[in-house]
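# Observations on the three-dimensional arrangement
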Amino acid sequence: MFDLDAYLARIELPARPTRDAAGLARVQLAHRLTIPFENLDVRLGRPIAIDSESVAAKLVGSRRGGYCFEHNRLLLDALAALEMTARPLLARVWLGAAATPPRNHVLSLVTIDGSDWIADTGFGASYAPIMPLADGAEATAPDGARFRLVREGDGWLLLRDGDPVSTDGRTAAGWNGTAWQPQYGFTTEPVHDSDLAMGNHWAMTAPASRFTQMAVVSVVLPHGFAALTDRRYRRRAAGKTAEGEITDPRVYRMRLSLMFGIDLSKEEVAALALF
């Protein structure tokens, strides 16, 4: 049974949120401010389990992070415990893609008072606020970036207009530098557990998967973003940017702990094979 109180304590919400768009927004932002996006277990050769019990044990009980299949499983379980109607959707991430990417990103579709909203606690590239599922809908993130939803055929495309330093640095294939940059595209067709299992398997095992190729960590800051891609670090906060390459595994381990709340042993950092 899902422990809602433990989840709310993990994301540092002192009270249960209201069952409306404002409450959903509070949950998503609190979640992203406290639980990092990361794929370190993939790089350590550990399988990623995305059943409810395993995800809660890792992200809540062990205070680790995870990637989209873990984060949005946790969000969906929390919303169910809050008696809110929600289900998963699969998306194609256009950031960093050289060709049409697989549907290996998951987000959540939440129905509130008969209206549909998208929520996403597992998008590691930047912070996308909750948004109504409506053509042309826009929302502004705490870092000042704007997001827009547009219809594309039978699906939807999420776009971002904002400072790239508040992201993990990826750009969309074919993007020409204009304001609105594609983030990911999705449809609202039903997604089954078997679909999620296949997407998760690809993400953690495929040679073409970003998560098998590099170690990635990110977390949302109150008005910024911090990302660690292999040894490259970037932090944007209070209008100031700090970035550089980490050359010492001791500094890497310290950065993981202090900035992202991830505590790895010296042996685990060595096993990442970054130094």
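Refer to the structure above for everything that follows.
Remember, it's a predicted structure, so these values are computed and weren't measured experimentally.

Of the pairings in the sheet, the one linking strand β2 (residues 85-93) to strand β3 (residues 105-112) comprises seven bridges and is antiparallel in character. Residue Pro88 lies in a different strand from β3, and its bridge partner there is Ser108. Pairing between β2 and strand β9 (residues 181-186): three bridges, direction antiparallel. Residue pairing for β9: Val93 is matched across the bridge by Tyr184.

This paragraph deals with the side chain of Asp41. As for its position among the elements, Asp41 is in helix α3 (residues 40-43). With relative accessibility at 10%, the residue Asp41 sits in the buried group. Here Arg64 takes part through its side chain, which lies 3.3 Å from a polar atom of the side chain of Asp41. Excluding residues that lie within four positions of it along the chain, Asp41 makes contacts with Arg46, Ile48, Lys58 and Arg64.

Let's shift gears to the sheet that holds strand β11 (residues 224-229). Taking strand neighbours across the sheet as the criterion, the five strands line up as β1-β10-β11-β12-β13 in an open arrangement whose pairing is antiparallel. Whereas interior strands pair on both sides, the edge strands pair on one side only; in this sheet they are β1 (37-38) and β13 (240-245). Two strands pair when backbone bridges link them, and β11 and strand β12 (residues 232-237) are joined in this way by five bridges, in the antiparallel orientation. Each bridged residue has a counterpart across the sheet, and for Ala226 the counterpart in β12 is Arg235.

Turning to helix α4 (residues 52-61), a few remarks are in order. Listed as buried for α4 are Val55, Lys58, Leu59 and Val60. Taken around the axis of α4, the buried residues stretch over an arc of 165°, which confines them to a single face. α4 presents Glu53 and Gly61 as exposed residues on the side facing more than 90 degrees away from its buried surface. Looking at the buried residues of α4, the elements they touch are α1 (4-10), α3 and α5 (68-81). In the segment just after α4, Arg63 is the residue with positive phi, at about 55°.

The next point concerns the sheet that holds β9. Strand-to-strand pairing in sheets goes through backbone hydrogen bonds, with the strands running parallel or antiparallel. The antiparallel open sheet is built from eight strands, whose spatial order is β5-β4-β3-β2-β9-β8-β7-β6. Two strands close off the open sheet at either side, each with one partner strand: β5 (131-132) and β6 (138-140). Pairing geometry for β3 and strand β4 (residues 115-119), over five bridges, is antiparallel. Pairing of Leu109 across the sheet is with Ile118, part of β4. Relative to β4, helix α2 (residues 21-34) is tilted by about 10°, and along the sheet it contacts β3 and β4. Contacting β2, β3 and β4, α5 crosses the sheet at an angle of about 20° to β3.

Generally speaking, soluble globular proteins have nonpolar side chains that are buried together. One finds Ile118, Met131, Leu149, Tyr184 and Phe186 to be the most contacted residues of the largest nonpolar core, which totals 27 residues. Of all the elements in the fold, those that place two or more residues in this core are β2, β3, β7 (146-152), β8 (155-161), β9 and β11. A per-element tally of this core places β2 first, with three residues.

If you check helix α8 (residues 249-260), its first and last C-alpha atoms are 16 Å apart, about what twelve residues at 1.5 Å a residue would give, namely 16 Å. Regarding α8, the residues found buried are Tyr252, Leu256, Met259 and Phe260. Seen end-on, α8 carries its buried residues on one side only, within an arc spanning 105°. Exposed side of α8, more than 90 degrees from the buried face: Arg250 and Leu258 are the residues found there. As for α8, its buried residues are in contact with α3, β10 (216-221), β11, β12 and α9 (266-271).

To continue, consider the packing of α4 against α5. The N-to-C vectors of α4 and α5 enclose an angle of 105°; their axes lie 9 Å apart at closest approach. In terms of orientation, α4 lies roughly perpendicular with respect to α5. Contact with α4, carried on its side by Ser52, Val55, Ala56, Lys58, Leu59 and Val60, involves Glu70, His71, Arg73, Leu74 and Asp77 of α5 and no other residues of that element.

Scoring rules and cut-offs
Numbering of residues starts from 1 in each chain and follows the order in which that chain's sequence is written. Residues qualify for local features only when their pLDDT is at least 70, as the model is predicted, and side-chain atom pairs are given and counted only at 80 or more; totals for whole chains, interfaces and linings, by contrast, use all residues. Heavy atoms from the whole structure form the basis of all side-chain values; hydrogens and water molecules are not counted. For two strands to count as paired, DSSP must find a minimum of two bridges between them. Each helix corresponds to a stretch of at least 4 residues labelled H or I by DSSP, and each strand to a stretch of at least 2 residues labelled E; elements are numbered beginning at the N terminus. Each residue is placed in one exposure class: buried if its accessible area under a 1.4 Å probe, protein chains only, is under 20% of its type's maximum, exposed if it is over 50%, and partly exposed if it falls in between. Counting of polar contacts relies on pairs of N or O atoms within 3.5 Å, with two restrictions inside protein: one atom must be capable of donating a hydrogen and the other of accepting it, and residues adjacent in sequence are counted only when both atoms are side-chain atoms. In what follows, a contact means two residues having at least one pair of non-hydrogen atoms within 4.5 Å. Throughout, the arc means that of the directions going from the helix axis to the C-beta atoms. Axes, fitted as lines to C-alpha atoms, cover a helix only where it is in contact. Angles between the N-to-C directions of the axes lie from 0 to 180 degrees. Nonpolar cores are built from buried Ala, Val, Leu, Ile, Met, Phe, Trp, Tyr and Cys residues. Side-chain atoms within 4.5 Å join them into one set. The span one expects for a helix is its residue count, reduced by one, times 1.5 Å. What sets the label is the angle itself: under 35 degrees gives roughly parallel, over 145 gives roughly antiparallel, 65 to 115 gives roughly perpendicular, and the rest give oblique.

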